[in-house]
Amino acid sequence: MNRRTGLIHALDVTDREKALAVAEAVEPHVDAVKVNYPLVLSQGLEFLDHVPGTVVADLKVADIPNTNRLIAEQVNRYADALIAHAFPGRDSLESCVEHFDGDVYAVVEMSHPGAEQIFKRERDDLIQTALEADVDGVIAPATRPQSLRAIKEKTGLDLLSPGVGAQGGKIRETLEAGADYLIVGRAIYRADDPGAEAARIASEISNYL
Ligand code: OMP
């Protein structure tokens with residue numbers, strides 16, 4: 001993905017008109033729009049054809065290699081990047097890398113409090129799996145800048161970081177810890193003026209990149 005603003009909007013909106021309006025409004029200020037199950041399940045994969053700019057399909061693909069292949073082949077037509085879990089293992093992740101035409105990003109530590117239970121403990125193995133599968137970047141938490149720093153040091157890969165805003169992560173801390181892109185959802189799509197809020201966040205990011 002080409003970094004222009006360092007901002008990715010998580011369009012976790014299920015209403016069609018609202019999703020279209022937000023996608024249009026944020027487009028000048030973001031490097032990509034990330035879509036997740038709430039939007040894909042409510043509007044269908046075909047809806048992604050209406051999202052302007054670069055589309056990241058956050059389907060957190062996490063299955064056996066053959067099923068991952070089938071998923072990647074379905075998403076190829078609709079998205080420029082795909083998010084997959086590293087925990088099913090190297091063969092599963094490699095299947096995404098092999099069969100998805102765009103960038104593949106692997107989740108190595110999640111941002112929510114429950115991720116302390118398993119992800120944090122297994123992080124180094126997940127990083128190793130991501131590196132062996134030759135992914136294009138990793139997803140790591142803005143809610144834990146120390147983890148971010150360690151993940152950046154160990155991978156040297158592009159780091160896409162969710163958790164700024166609604167989950168408590170801070171823009172400056174996250175970028176200083178090594179994030180290359182911030183993934184921001186609710187702080188933007190719930191704002192009175194999502195376009196203006198995306199512009200404001202992109203401008204703040206530009207101070208630190
Ligand atoms: P907000 O918390 O509303 O800014 O949204 C964050 C977005 O990032 C949502 O789409 C989450 O599903 C996603 N996300 C996380 O919040 N934490 C993670 O550890 C991983 C992701 C993700 O893979 O994008």
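For the structure, check the block above.
Sequence order as written defines the numbering, with residues in each chain counted from 1. Local features in a predicted model are, by the rule used here, given only for residues with pLDDT of at least 70; side-chain atom pairs are given and counted only at 80 or more, and totals for whole chains, interfaces and linings are based on all residues. Each side-chain value is worked out from all heavy atoms of the structure, with water and hydrogens disregarded.

Novice: Just to check I follow, could you spell out the layout of surface pockets for this structure?
Specialist: Throughout, the protein atoms alone are placed on a 1 Å grid, and a set of points is a cavity if a 1.4 Å probe fits but cannot get out or a pocket if it is open with protein on both sides within 12 Å along at least five of seven lines; lining residues have an atom within 4 Å of a point. Grid points are joined across faces, edges and corners, and a volume is the space filled by probe spheres set on the points. In this model, the largest pocket occupies a volume close to 390 Å³. A run of H or I in DSSP counts as a helix once it spans at least four residues, and a run of E counts as a strand once it spans at least two, with each numbered from the N terminus. Only strand 3 (55-61), strand 8 (181-184) and helix 8 (186-189) provide two or more residues apiece to the lining of the largest pocket. The leading source of residues in the lining of the largest pocket is helix 8, at 3 residues. Under the grouping applied here, Gly and all other residues not named as nonpolar or charged are polar, the nonpolar ones being Ala, Val, Leu, Ile, Met, Phe, Trp, Tyr, Cys and Pro and the charged ones Asp, Glu, Lys and Arg. Grouping the amino acids of the lining of the largest pocket by side-chain chemistry returns 14 nonpolar, 6 polar and 6 charged.

Novice: Explain the sheet that holds strand 2 (residues 32-35) to me, please; I cannot follow it from the model alone.
Specialist: Two strands form a pair only when DSSP identifies at least two bridges running between them. Spatial strand order, 1-2-3-4-5-6-7-8: 8 strands in a closed barrel with parallel pairing. Direction aside, the axes of adjacent strands within the sheet are offset by 25° on average. Bridging between strand 3 and strand 4 (residues 81-85) involves 3 bridges; their strand directions are parallel. Directly across from Val 61, in strand 4, lies its bridge partner Ala 84. Across the sheet, helix 4 (residues 90-99) lies against strand 3, strand 4 and strand 5 (103-107), angled at about 175° from strand 4, the strand it touches most. Seen against the sheet, helix 6 (residues 145-155) touches strand 6 (137-139) and strand 7 (158-162) and runs at an angle of roughly 160° to strand 7. To define axes, lines are fitted to C-alpha atoms, for helices over the stretch in contact only, and angles between the resulting N-to-C directions are given on a 0 to 180 degree scale. Contact between two residues is taken to exist if any of their heavy atoms lie within 4.5 Å; hydrogens are not considered.

Novice: How should unusual backbone geometry be read in this particular structure?
Specialist: Even without being glycine, Lys 60 reaches a positive phi, approximately 40°. Along the chain, the position of Lys 60 falls in strand 3. Burial classification: accessible surface area is computed with a 1.4 Å probe over protein chains only, and a residue below 20% of its type maximum counts as buried, one above 50% as exposed, and the rest as partly exposed. Look at Lys 60 and you get partly exposed, because its relative accessible area is 24%.

Novice: What's the story with the environment of Thr 129 in this structure? I'm lost.
Specialist: With respect to the helices and strands, the residue Thr 129 is situated in helix 5 (residues 119-132). The buried category is assigned to Thr 129, whose relative accessible area is 14%. Thr 129 sits 40 residues away from Gly 89 along the chain, and the two C-alpha atoms are 6.4 Å apart. Non-local contacts of Thr 129, meaning those with residues more than four positions away in its chain, are made with Ala 86, Gly 89, Arg 90 and Leu 93.

Novice: How do you make sense of the site of the ligand when you look at a structure like this?
Specialist: Residues in contact with the ligand amount to 16 residues; listed here are only the nearest, Asp 12, Lys 34, Ser 111, Gln 167 and Arg 186. Each polar contact in these results corresponds to two N or O atoms within 3.5 Å; when the atoms are within protein, one needs to be able to donate a hydrogen and the other to accept it, and residues that are neighboring in sequence are counted only if both atoms are side-chain atoms. Asn 36 places a polar side-chain atom, nitrogen or oxygen, 3.0 Å from an oxygen atom of the ligand. The separation between an oxygen atom of the ligand and a polar main-chain atom of Gly 185 is 2.8 Å. The method behind every accessible area is Shrake-Rupley, applied with a 1.4 Å probe, and residues are considered shielded solely by the protein chains displayed. When isolated, the ligand has an accessible area of 500 Å², and the protein chains bury 92% of it. For a cavity or pocket, the test is whether more than half of a molecule's atoms lie within 2 Å of its grid points; if they do, the molecule sits there. In this structure, the ligand is accommodated by the largest pocket. Looking at the shell around the ligand, the elements that each hand over two or more residues are strand 3 and strand 8. Across the shell around the ligand, the residue classes tally to 7 nonpolar, 4 polar and 5 charged. Note on terminology: near, applied to a residue and a molecule or strand, indicates that one of the residue's heavy atoms is within 4 Å of it.

Novice: So what exactly am I meant to see when it comes to the side chain of Thr 174 here?
Specialist: Assignment of secondary structure puts Thr 174 in helix 7 (residues 171-176). In this view, Thr 174 contacts Ala 142, Leu 148, Ser 161, Val 164, Ala 179 and Leu 182; residues no more than four positions away in its chain are not counted.

Novice: I'm lost on the pairing of strand 4 in this one. Help?
Specialist: A regular strand carries its side chains on alternate faces of the sheet. With respect to burial, strand 4 is a largely interior element, 5 of its 5 residues being buried. With burial as the criterion, each face of strand 4 is covered, one bearing Ala 81, Ile 83 and His 85 and the other bearing Leu 82 and Ala 84. Convention used here: a crossover is right-handed provided that the path from the first strand, over the helix, to the second strand proceeds clockwise when the strands point away from the viewer. Note that the unit made of strand 3, helix 3 (residues 65-75) and strand 4 has a crossover that is right-handed. Relative to strand 5, strand 4 is paired through 5 bridges, and the arrangement is parallel. Looking across to strand 5, one finds that His 85 is bridged to Val 107.

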